[in-house]
Amino acid sequence: KVLKNWALPSFLLSAAAMQDDDRSARIMDLVLPVLRDRGLELVELEWHPRRPRSVLRVFVDKPGGVGIADCERVSREVGDLLDVAGLNDESYDLEVSSPGLDRLLRTEREWRWAVGKRVRVWQAGGRETRGRLAEVSTEALVVDTGTGRVELPRSTVTKARLDADVPWARRP
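Keep in mind that this is a model prediction, so the values were computed, not measured.

**Student:** It is not clear to me how the pattern of salt bridges should be interpreted in this structure. Could you clarify?
**Tutor:** Between side chains of opposite charge, a pair can form when the charged atoms approach closely. One pass over the structure, following the stated rule, counts 18 salt bridges. Residue arginine 154 is joined to glutamate 108 by a salt bridge in which the shortest nitrogen-to-oxygen separation is 2.9 Å. Of this pair, arginine 154 sits in the loop between strand E7 (149-153) and strand E8 (157-162) while glutamate 108 sits in helix H3 (residues 108-114), placing them 46 residues apart in sequence. A salt bridge links arginine 120 to glutamate 128; its shortest N-O distance comes to 2.8 Å. Where salt bridges share partners, they join Glu44, Glu46, Arg57, Glu95, Arg103, Arg106 and Glu110 into one cluster.

**Student:** Got a minute to help me understand the packing of aromatic side chains in this structure?
**Tutor:** How two aromatic rings sit relative to each other is set out by the distance from centre to centre and by the angle between their planes. Applying the stated rule across the entire model yields 1 aromatic pair. Taking NZ or CZ as reference, lysine 159 lies 4.7 Å from the ring centre of tryptophan 122, over its face.

**Student:** Would you take a moment to explain the sheet that holds E8 for this structure?
**Tutor:** Pairing between sheet strands relies on hydrogen bonds along the backbone, with the strands arranged either parallel or antiparallel. Judged by pairing direction, the sheet is antiparallel, and its 5 strands sit side by side in the order E7-E6-E5-E4-E8 without closing on themselves. Edge positions in the sheet fall to E7 and E8, since each of these pairs with one other strand and no more. Across the sheet, the mean angle from the axis of one strand to that of its neighbour is 45 degrees, orientation sign disregarded. Examined bridge by bridge, strand E4 (residues 118-123) and E8 share 5 bridges and lie antiparallel to one another. Considered in E8, the bridge of arginine 120 is made with arginine 161.

**Student:** Help me out: how do you make sense of the sheet that holds strand E1 (residues 41-48) in this one?
**Tutor:** With mixed pairing, the 3 strands of this open sheet are ordered in space as E1-E2-E3. With partners counted over all chains shown, the strands left at the sheet margins are E1 and strand E3 (92-97), one partner each. Averaged over all pairs of adjacent strands, the angle between their axes in this sheet comes to 10 degrees, without regard to strand direction. Both E1 and strand E2 (residues 54-61) contribute to a ladder of 7 bridges, which runs antiparallel. Its bridge partner being in E2, glutamate 44 is matched across the sheet by phenylalanine 59.

**Student:** Is there a simple way to explain the pairing of strand E6 (residues 140-144) in this structure?
**Tutor:** Consecutive side chains along a regular strand alternate between the two faces of the sheet. Counting buried positions along E6 yields 4 of 5 residues, so the element is predominantly enclosed. Two elements, strand E5 (residues 128-136) and E6, share 4 bridges in a ladder whose sense is antiparallel. Directly across from valine 136, in E6, lies its bridge partner leucine 141. If you look at the hairpin formed by E5 and E6, you'll find 3 residues sitting between the two strands. Pairing of E6 with E7, which is carried by 5 bridges, proceeds in the antiparallel orientation. Its bridge partner lying in E7, alanine 140 is registered against proline 153. Remark: 4 residues form the turn of the hairpin made by E6 and E7, two consecutive strands paired antiparallel; glycine 146 in that turn has positive phi of roughly 100 degrees.

The rules behind the values
- One numbering rule holds for all chains: residues counted from 1, following each sequence as written.
- Local features in this predicted model are restricted to residues whose pLDDT is 70 or higher, and side-chain atom pairs enter the listing and the counts only when it is 80 or higher, whereas totals over whole chains, interfaces and linings include all residues.
- Only heavy atoms go into the side-chain values, all of them from the structure, while hydrogens and water stay out.
- Salt bridge, as used here: a side-chain nitrogen of Lys or Arg that lies within 4 Å of a carboxyl oxygen of Asp or Glu.
- Put simply, DSSP marks the helices as runs of H or I at least four residues long and the strands as runs of E at least two long, and each gets a number from the N terminus on.
- Stacked, edge-to-face and tilted are the three classes for Phe, Tyr and Trp ring pairs, Trp counted by its six-membered ring, which pair at centre distances within 6.5 Å; planes under 30 degrees apart are stacked, over 60 edge-to-face, the rest tilted.
- In our convention, an over-ring charge means Lys NZ or Arg CZ found within 6 Å of a ring centre and within 35 degrees of that ring's normal.
- At least two DSSP bridges between two strands are needed for those strands to be called paired.
- With axes taken as lines fitted to C-alpha atoms, and helix axes fitted only over the stretch in contact, angles between N-to-C directions fall between 0 and 180 degrees.
- Classification of residues uses two cut-offs on accessible area relative to the type maximum, computed with a 1.4 Å probe and protein chains only: under 20% is buried, over 50% is exposed, and between them is partly exposed.

Laid out in structure tokens, this is it:
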């Protein structure tokens with residue numbers, strides 16, 4: 001009998017997953033000092049192992065926003081550092097960018113980064129809340145809607161994203 005890849009027991013796949021998690025952690029250890037030296041903050045680091053080329057995405061931010069020159073500089077420095085460190089023995093593409101005006105918020109790191117920023121939060125049942133993210137805890141999000149603070153249990157949140165401050169009228 002031949003097992004399909006999707007039918008393999010998870011314990012047979014875990015070594016590769018652990019190797020990728022370890023690689024991501026080592027990459028993060030190399031990237032963080034470069035970003036700190038440039039006055040940038042790491043929003044998210046994504047490692048996508050693929051054949052023939054893997055992809056490393058680094059999302060960065062700073063007060064006032066990230067420009068193309070920031071991304072170019074970080075890309076050169078991080079790329080050189082990764083090549084010297086020898087963490088990758090395979091070819092990969094390095095992408096450095098800002099997190100975007102309406103980025104989805106998924107990880108704990110992204111939630112902490114978004115405190116003080118405008119957000120849109122959807123809850124089970126379709127309720128939508130807009131405002132500034134005031135607090136984040138493991139149990140709840142606190143959003144300042146402009147008319148008051150609303151506490152949203154994390155267990156009810158189905159999706160959330162940044163809600164960009166823009167100088168034009170918003171759609172309802």
